[in-house]
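Spelled out from the first residue to the last, the chains are:
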Amino acid sequence: MTFNGILVGFVLPLLSISMLIIFLRLFRGPSVVDKVIALDLLVIIGISIVAVYAVLFDQPMIIDISLILALIAFLSTIAFAFFYEKRNKAIK
Amino acid sequence: MTITEYIVLFFMILGALFIFVASIGLLKMPDVYLRMSAATIAATFGVASVLVAAAIHFGTITVTLHILGIIIFLILTVPVGAHMLGRAAVIIGLKQWNRTVSNDIEGTYDEETHQFCCMDEIRKSSGNASDHEED
């Protein structure tokens, strides 16, 4: 197999199957915290898929997208945990 | 294929396998806290491996510095996010798995003041209680 063939035929399908499994947990998740972990992991897999596509098309500019995705994932997780904690304090 | 492409493929496949293991752990683990541990640790290593493969493939200093920045940022921020989520899970009272052996944080959360009191006082008070029973 060629280099691009292995990337398209093995690495990207493995990442896609991981995304499907995480979507299962996202829909099933008993608590809201599970769903937030699943969303965080989805964004992390998105970062790696962007990196694989940058290698596949030989475009180093695409790497910048994964930097921005990492920033947004951290902000959303922190904000969600912070406000969820605050809401439960307010209810009690 | 050249030797560089073999190295790139090795790191790519390693990272993809780690991310796959992380997703299986997220699906099969019995507990919020175990799921969080499985997902964050394995996925951080997997994405770092994939990004290192991209850095080896391009080989210029610009892309390598970008990727180094992304990896350092992820290693710093993913545990912080997991810690915040675990704290929220403890505060809203999610139960641990019934076969988990130790639970040091149980009873330390004060619902009036919303603070976790320090562990030393708990250990001291429990030690005093056992001494008192022996007396």
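Thresholds applied
Counting restarts for each chain: residues are numbered from 1 in the order of the written sequence. Chain labels run from A onward and ligand labels from 1 onward, assigned in the order the entries are written. Per-residue local features of the predicted model are confined to residues with pLDDT of at least 70, and side-chain atom pairs are confined, for both listing and counting, to 80 or more; whole-chain, interface and lining totals are unaffected and use all residues. With hydrogens and water excluded, all non-hydrogen atoms of the structure serve as input to the side-chain values. Residues belong to a common nonpolar core when they are buried Ala, Val, Leu, Ile, Met, Phe, Trp, Tyr or Cys residues joined through side-chain atoms within 4.5 Å. Whether a residue is buried, partly exposed or exposed follows from its accessible area with a 1.4 Å probe, protein chains only, as a fraction of its type maximum: under 20%, in between, or over 50%, in that order. Working definition: helices are DSSP H or I runs of at least four residues, strands are E runs of at least two. Numbering for both runs from the N terminus. Contacts were defined at the residue level, with two residues in contact if any of their heavy atoms lie within 4.5 Å. Axes, fitted as lines to C-alpha atoms, cover a helix only where it is in contact. Angles between the N-to-C directions of the axes lie from 0 to 180 degrees. In what follows, roughly perpendicular refers to angles from 65 to 115 degrees, roughly parallel to angles under 35, roughly antiparallel to angles over 145, and oblique to any angle outside these ranges. Side-chain classes are defined by residue name, with Ala, Val, Leu, Ile, Met, Phe, Trp, Tyr, Cys and Pro counting as nonpolar, Asp, Glu, Lys and Arg as charged, and the others, Gly among them, as polar. Pairing of aromatic side chains here covers Phe, Tyr and the six-membered ring of Trp, requires ring centres within 6.5 Å, and sorts the geometry by plane angle: under 30 degrees stacked, over 60 edge-to-face, intermediate tilted. Buried surface area refers to the total accessible area, computed with a probe of radius 1.4 Å, that the two partners give up upon joining, counted for both partners together. The salt bridge criterion pairs a side-chain nitrogen of Lys or Arg with a carboxyl oxygen of Asp or Glu, the two atoms within 4 Å. We define a polar contact as two N or O atoms separated by no more than 3.5 Å, with the added condition that, inside protein, one atom must be a possible hydrogen donor and the other a possible acceptor, whereas residues neighbouring each other in sequence contribute only through side-chain atom pairs. pLDDT is defined as a per-residue confidence score from the predictor, taking values between 0 and 100. For this count, His and the chain ends are skipped, Lys and Arg are scored as positive, and Asp and Glu as negative.

*Asks:* Please provide a residue-by-residue account of the nonpolar core, values included.
*Replies:* Grouped together as the largest cluster of nonpolar side chains are 58 residues, with contacts concentrated most on Leu7 of chain A together with Met12 of chain B. Every element with two or more residues in this core is listed here: helix H1 (3-28), helix H2 (32-57) and helix H3 (63-91) of chain A together with helix H1 (3-28), helix H2 (32-58) and helix H3 (61-91) of chain B. No other element matches the 15 residues that H2 of chain A contributes to this core. The residues touching Met12 of chain B, leaving out its near neighbours within four places in the chain, are Leu7, Val11, Ala51, Val52 and Val55 of chain A together with Val50, Ala53 and Ala54 of chain B.

*Asks:* Any chance you could break down the packing of H1 of chain A against H2 of chain A for me, citing the residues and the numbers?
*Replies:* Residue and element names in this part refer to chain A. It is at 9 Å that the axes of H1 and H2 come closest, and there the two elements cross at 170°. In terms of orientation, H1 and H2 fall into the roughly antiparallel class. Among the residues making up the contact of H1 with H2, the classes are represented as 20 nonpolar, four polar and two charged.

*Asks:* Which residues make up the packing of aromatic side chains, and what values do they have?
*Replies:* Following the criterion strictly, the structure yields seven aromatic pairs over all chains and no others. Ring geometry for Phe82 of chain A and Phe83 of chain A: centres 5.3 Å apart, planes at 75°, overall edge-to-face. The exposed category is assigned to Phe83 of chain A, whose relative accessible area is 54%. Plain terms: the ring middles of Phe18 of chain B and Phe45 of chain B are 4.7 Å apart, the flat faces sit at 65° to each other, and that makes the pair edge-to-face. Taken together, the positions of Phe18 of chain B in helix H1 and Phe45 of chain B in helix H2 put the pair 27 residues apart, joining distant regions of the chain.

*Asks:* Which residues make up the environment of Met1 of chain B, and what are the values?
*Replies:* For Met1 of chain B, the position within the fold is in the segment before H1. Aside from chain neighbours lying at most four places away, what touches Met1 of chain B is Met1, Thr2 and Phe3 of chain A together with Tyr6 and Leu9 of chain B.

*Asks:* Go over the interface of chain B and chain A with me, naming the residues and quoting the values.
*Replies:* Listed as interface residues are 48 residues of chain B and, on the opposing side, 51 residues of chain A. Of the roughly 4,400 Å² buried between chain B and chain A on both sides combined, carbon and sulfur atoms contribute 83%. Three residues, Leu26, Leu27 and Leu85 of chain B, lead the burial of chain B against chain A; their summed loss comes to 13% of the area buried on that side. Here chain B and chain A share two salt bridges between them. In this structure, the connection of chain B to chain A is made through five residue pairs in polar contact (both at pLDDT 80 or more). Sorting the residues of the side of chain B that touches chain A by element identifies H1, H2 and H3 of chain B as the ones contributing at least two each. Among the elements that line the side of chain B that touches chain A, the one with the most residues is H3 of chain B, at 16 residues. Of the residues belonging to the side of chain B that touches chain A, the class tally is 38 nonpolar, six polar and four charged.

*Asks:* Hey, could you go over the confidence of the model for chain B for me, with residue numbers and the actual values?
*Replies:* Per-residue pLDDT for chain B has a mean of 84; in total, 84% of the residues score no lower than 70. Model confidence for chain B, summarised as mean pLDDT per element, is weakest for helix H4 (residues 119-134) of chain B at 55 and strongest for H1 of chain B at 94.

*Asks:* Please give an account of the side chain of Asp40 of chain A that cites residues and values.
*Replies:* Residues and elements named next belong to chain A. Within the secondary structure, Asp40 sits in helix H2. Although Asp40 is buried, it forms no salt bridge, and the closest oppositely charged side chain is Arg25 at an N-O distance of 14 Å. Within the structure, Asp40 has its side chain in polar contact with the side chain of Thr77 (distance 3.4 Å). Those residues in contact with Asp40 that lie beyond four places of it in its chain are Ala73 and Thr77.

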